[in-house]
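# Structure assessment
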Amino acid sequence: MEGGLILLEHDQSLLSPPSGSPVIAVRTLMPRDLGFPRCRHWRNAVAGTSGYLWGLGAAAIWSGWWTVTRVGVVNDLSATDLAGLRFGISGLLLLPLVWRERRTIGAVAPRFLVLMAAGAGAPYALIAGTGVRLTSAGLGGAITVGLLPVFTLVLSVLFLREKVTHRLAAGIGCILLGAAFVAAGTWEAGRAGFGLGLFAAGALMWAGYTVALKRSGLAPLTATAVICVASLVLYTPVWLVLSGLPRLLAAAPGELLLQVLYQSLLSAIGALYCYGRAIGRLGATRASVFAAIVPLFSVLIAAVVLREIPSAFEACGAVLLSGGAFVASSNRR
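Here goes a summary of the coordinates provided. (Residues numbered from 1 in each chain as written. Predicted model: local features only at pLDDT ≥ 70, side-chain atom pairs only at ≥ 80, totals over all residues. Heavy atoms only, no water.)

## Some points on the environment of R281
Let me state the cut-off plainly: Secondary structure is summarised from DSSP: a helix means a run of H or I of at least four residues, a strand means a run of E of at least two, and numbering begins at the N terminus for each. We call a residue buried when its accessible area falls under 20% of the maximum for its residue type, exposed when it is over 50%, and partly exposed in between, using a 1.4 Å probe and counting protein chains only. Think of a polar contact as two N or O atoms within 3.5 Å of one another; within protein, one of them needs to be a possible hydrogen donor and the other a possible acceptor, and neighboring residues in sequence only count if both atoms come from side chains.
By secondary structure assignment, the location of R281 is in helix α11 (residues 253-282). What makes R281 partly exposed here is its relative accessible area of 36%. Expressed as a C-alpha distance, the spacing of R281 and G51, which sit 230 residues apart in the sequence, is 4.9 Å. Side-chain polar atoms of R281 contact the side chain of S50, separated by 2.4 Å.

What follows is the structure in structure tokens.
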């Protein structure tokens, strides 16, 4: 009964006694028309507010990664050390998940797993970390995350047959204009142009991961576990043998603790958890907007923490990159 208070149902498959006789399950159902609209309104408002807070938390972690990485690579640690810390610890933490989902992972084509491991694993971390060392943290977040929708669109059109809409084209045009502004500001300030090329390469790698993830059908947390464990197995032993332990032992304890917590826990696992909670509360379309504000957040955090004051060209470029990413991401479902 739709609006009844008690529902009786026969279920032969659940909790049947050894004799095989049916069990009558009784459960109480509240009628739908007895709800309190005001309570539902407040519950929806609280859920929406918490969703925005989770999304802002994910964006803050992603944006702060560039500043924390810059702190590490200009002091006692290198990009290779940060990648080892990031995937060595997170890979160990996520190893049970890979074992539990081994059948699901084994059903994915190997080429997609390779693209995911390379696009978001140790190779990407090495390229992004080196670019941050050569330029600045704000430029790293602005260029890499800003150009991500451009490369994702190109790969999606080539491999996923995605259609290009007017709104998406406008967002991509705004992103390219913002990237030109940032490049002009970098040239004017005399920073290393090679770092911008590394950031563009990192954006292309992450776009490959995005498309491969979509083709694989894996859940985001499972894909993250695959990436971390693959880097743990393939990269971490080489890093430990060549240069890992001496530099770790020579680093300042406070800095080492910061990198361990941020690289392996917050960035590798915490941001994904926050973003997943935002998607659950707001939906994928609205939650994707928070990734679009990372370019601007990266510049602001670097300016406050590291005193990396952007030039007028770089500031305008960061705003255009975030605006274009917002338009491009809000176009997709």
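Resuming the write-up.
## So, helix α9 (residues 220-234)
Put simply, the test is: A helix's residues, less one, multiplied by 1.5 Å, set its expected span.
Between its first and last C-alpha, α9 extends 21 Å over 15 residues, near the 21 Å set by a 1.5 Å rise per residue. Most of α9 is tucked away: eleven of the 15 residues are buried. Of all the positions in α9, only T222, A223, T224, A225, V226, I227, C228, V229, A230, S231 and L232 are classed as buried.

## A few points about the packing of aromatic side chains
The relation between two aromatic rings is expressed through the spacing of the ring centres and the mutual angle of the planes. Quick note on the threshold: The pairing test for Phe, Tyr and Trp rings, Trp by its six-membered ring, is centres within 6.5 Å, and the orientation test on the planes gives stacked under 30 degrees, edge-to-face over 60, and tilted for anything in between.
Overall, the coordinates contain eight aromatic pairs when judged by the stated rule. When the ring of W65 is compared with that of W66, the centres are 4.8 Å apart and the planes differ by 85°; the resulting orientation is edge-to-face. Its relative accessible area of 8% is what places W65 among the buried residues. Between the aromatic rings of W66 and F199, the centroid separation amounts to 6.0 Å while the plane-to-plane angle is 90°, which identifies the pairing as edge-to-face. One end of the pair, W66, is in helix α1 (residues 37-73); the other, F199, is in helix α8 (residues 193-216), with 133 residues separating them in the sequence. The pair formed by W66 and F199 is uniform in burial state, with each residue classed as buried.

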